[in-house]
Amino acid sequence: MATLPNPLPSLAASGLDLPPGSLVDATPDGPWHEPLLWYADGPAAPRDWTALRAAGRRLGLLPVLVNGGARGQWPEEWDLCPDTTTYPGDHDADEVLAGYWREYADDEVGVGAERSAGSWPGLAPTPEQAGEDPDEAAAGLAGVITADQGSWLGGTRMALVPARRSADIPAAIGWSGPVNHENDVARLCAVLRSWEDRYDARVVVLGFDTMIVSVGRPPATPEEARALAAEHYAFCPDNIDQSPPYDLDVYAEKHLLDQEVWSFWWD
């Protein structure tokens, strides 16, 4: 995939004020030819996101929180696969989602007559209302997460990734969290790019098979939320089909309408 020059090999000499941390280059086939990310040795503090974003911006590094989850797996054990990851800009979000929709939307999951017909409704329109500054929204969410060390996200650590934009972070490291849904995470990153453009979304947390996204401009009407729900289903069917199964209208009202945080989990 097309990338910026990777500043991670010279990170130690960059002058950035970083906490103790490690570079990660591990893949299932052995070390990658360059580091994929840096992450801190200890849990993040609420102030760390803003500080590292400001420090890393001049080098082309973006922050993300990484979480080992119940399995306790940090990035070395995530089966990062940069060799099978393409470039997000080579994919069209509408085409990617339409393909998933045709594959997963059928009349057996019980989430709406419009899906029984098998027709992809297309991308939802951009919400009309202005929203919060997207970088401030991301920093605010990161602060909330890192302040609550007693939650299931306790112990989350700061990471820096060489990426042009937040939506590209999973592809930049070859993240394999959605592997049971999609082997090339760059295709999902094309959707994240579209959400970044339309909803001011930012990738804030990556876990073993989970993702949390901040949303600066969420849907503000039931119609906007219902239109987006189809995209969420195609992007991550497990969000709707499991724990427990949702009707798309219910999912839209509960998880999308005026919601500034989107969470995804792939089985």
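As the structure is a prediction and not an experimental result, all values here were calculated from the model.

Calculation rules
- Residues numbered from 1 in each chain as written.
- Predicted model: local features only at pLDDT ≥ 70, side-chain atom pairs only at ≥ 80, totals over all residues.
- Heavy atoms only, no water.
- Phe/Tyr/Trp six-rings, centres within 6.5 Å; stacked < 30°, edge-to-face > 60°.
- Helix = DSSP H or I, 4+ residues; strand = E, 2+ residues; numbered from the N terminus.
- Buried < 20%, exposed > 50% of the residue type's maximum accessible area, 1.4 Å probe, protein only.
- pLDDT = per-residue confidence, 0-100.
- Contact = heavy atoms within 4.5 Å.

### Quick look at the packing of aromatic side chains
No. 1: Using the criterion set out here, one finds 10 aromatic pairs in the structure.
No. 2: Geometrically, the ring pair formed by W175 and W266 is edge-to-face, given 5.9 Å between the ring centres and 80° between the ring planes. Here the residue W175 occupies a position in the loop between α5 (169-173) and α6 (185-199), and W266 occupies one in the segment after β9 (261-265), the gap between them amounting to 91 residues.
No. 3: For W266, a relative accessible area of 1% translates into the label buried.

### A look at the confidence of the model for the protein
No. 1: Of the residues in the protein, 90% have a pLDDT of 70 or more, and the chain-wide mean is 89.
No. 2: Confidence scores differ between elements of the protein, with helix α3 (residues 113-116) showing the lowest mean pLDDT of 41 and α6 the highest of 98.
No. 3: The low-confidence segment residues 107-117, where pLDDT is below 50, has 18 contacts with residues more than four positions distant or belonging to other chains.

### Details of unusual backbone geometry
No. 1: The backbone of D200 shows a phi angle near 55°, a positive value even though the residue is not glycine.
No. 2: Relative to the assigned elements, D200 resides in the loop between α6 and β7 (201-206).
No. 3: You will see that D258, though not glycine, has its phi angle at about 60°, which is positive.
No. 4: Topologically, D258 is positioned in the loop between α9 (248-256) and β9.

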